[in-house]
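# Working through the structure, step by step
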Amino acid sequence: MPTYTIKKIATRDARYKLPAGAGTDAVHTNPEYCFAVTLLESDHDLFGTGIALTLGEGNRLVCEAIEMLARPLAGLEIETLMADFGSMARRLANDPSLRWLGPHKGVVHLALASITNACFDLWAKSRGVPLWKLLLDLTPEEVVRLLDLSYLEDEMSPQDAIELLRGKLASRPEREHILATGYPGYDTSVGWMAYDDMKVRELTMRALDQGFTAFKLKVGSDDAERDLRRASMLRECVGDAGTLMFDANQCWSLPVALRRCRELAKMKPFWIEEPTHPDDVQAHAVLTNAIAPVKIATGEHIPNRVVFKNFMQSSALHYVQADCTRLAGVSEFLAVSLMAKKFGLPVVPHVGDMGQLHQHLVLFNHIAMDHDALLLEHIPHLRSHFVSPAEVSGGVYTTPQEPGASCDLKLISPGKAK
């Protein structure tokens, strides 16, 4: 196998305008989808692409943080780096000057997400396989060496993680059929906040024709009656057999969330997402009891594995919406997934990558950890900008076959990087 040494590290501030109304919710009213891109250039014209999502002007700050944080990777051979990536992840996250800006959250952590995702992409490309296959071919010990499990030892030590993965090896063949059948998706793009009722109905009927059976609606309007009207309309469109999720994007205080969630419960949602401030573990714990049997999903803005641990220990969520573009990339996503499996919680990612990278990770989660293959969010607005866009047919993600992590963007190459 040829060697691949990281020779150059570059960034790109990539910004994409959205169609009118797309991407809007109760808090983010005028979004621009942006990726802070890491490019790791190596031998033989091979490069790794990593992405982290932002919604506008702050994207340049993440790019600047990437340039500072990634310096220790220069000159490293990718196999050597990934043989003990957990140690490097810890070193980068604990940079003695940049750590002060977090720790382990915000701009610096988003930068680490982009860097880490680029490392995994380059590694899979160097082996000529899609990321899901690379991960599945690793031994449990090799997987755990990819992870920084510090601060999780009370719930998930390295040995705990190894034993969990070993315990699922024998039953893997029972779950590998998903590689042929594909991973089920759900459509977020029918229910953006700024869409009027007619457009929500039209897009939902179109998505039903395309094979989707699960849909998400943005709620959190100033007018509570608008939320209820739209939720009722969507339930009517999809019927009793359809799966609905409602997403408040953090906009409610606890007293308001209690009232609004109880009202929306009449529409029988699969979950209510981000019902209050994402840092408020106690408020989520109150809600999980108060609005039962309706379930709570959160994680889009949970910044690191430690806060996820607190949510799990407090029984403050039912669905773990880990996102490898909010957490410190693939490595921390896998650490959270292992911990979630211990707590018996399903992982249903938020897709700041538009599903490109997560389509690999949910396959690994299902086959290697025996996580339920529930749903993977589908957001189609940036499809045309990816070299190998995720393929969704009949409401199901088709298993990607191209080498890498599916993060390469058109018009971006090392020579064109910032």
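Below, the structure is looked at part by part. If you're wondering where the values come from, they're calculated on a predicted model, not measured in any experiment.

## Re the packing of aromatic side chains
Summed over the entire model, instances satisfying the criterion amount to 8 aromatic pairs. When the centroid spacing of 6.3 Å and the interplanar angle of 65° are considered together, the rings of Y16 and F35 count as edge-to-face. Note that Y16 is positioned in strand β1 (residues 8-16) and F35 in strand β2 (residues 33-41), a separation of 19 residues in sequence. With relative accessibility at 10%, the residue Y16 sits in the buried group. Looking at F35, the relative accessible area reads 0%, which means it is buried. Three or more aromatic residues joined by ring pairs make a cluster, and in this case those are Y186, F270, W271 and Y319. Its guanidinium or amino end placed over the ring of F47, K125 lies 5.1 Å from that ring's centre, counting from NZ or CZ. Between K199 and the ring centre of Y195, over which it is positioned, the NZ or CZ distance is 4.6 Å.

## Things to note about helix α4 (residues 106-127)
Working note: α-helix, 3.6 residues per turn, so residues spaced by three or four point in the same direction. Taking 1.5 Å of rise per residue, the 22 residues of α4 would be expected to cover 32 Å, and the 32 Å separating its terminal C-alpha atoms lies within 8% of that figure. Where burial is concerned, most of α4 is hidden: 19 out of the 22 residues are buried. In the segment just after α4, G128 is the residue with positive phi, at about 75°.

## Points about the nonpolar core
In this structure, F35, L135 and V320 are the most contacted members of the largest nonpolar core, which totals 138 residues. Here the element with the most residues in this core is α4; it accounts for 11 residues. Ignoring any residue separated from it by four or fewer positions in sequence, one finds V320 in contact with T298, F308, M312, V336, A340, L345, P346, V347, V348 and P349. Residues A214, M245, W271 and Y319 belong to the second largest nonpolar core, which totals 8 residues.

Conventions and cut-offs
- Residues numbered from 1 in each chain as written.
- Predicted model: local features only at pLDDT ≥ 70, side-chain atom pairs only at ≥ 80, totals over all residues.
- Heavy atoms only, no water.
- Phe/Tyr/Trp six-rings, centres within 6.5 Å; stacked < 30°, edge-to-face > 60°.
- Helix = DSSP H or I, 4+ residues; strand = E, 2+ residues; numbered from the N terminus.
- Buried < 20%, exposed > 50% of the residue type's maximum accessible area, 1.4 Å probe, protein only.
- Lys NZ or Arg CZ within 6 Å of the ring centre and 35° of its normal.
- Expected span 1.5 Å × (residues − 1).
- Core = buried A, V, L, I, M, F, W, Y, C linked by side-chain atoms within 4.5 Å.
- Contact = heavy atoms within 4.5 Å.

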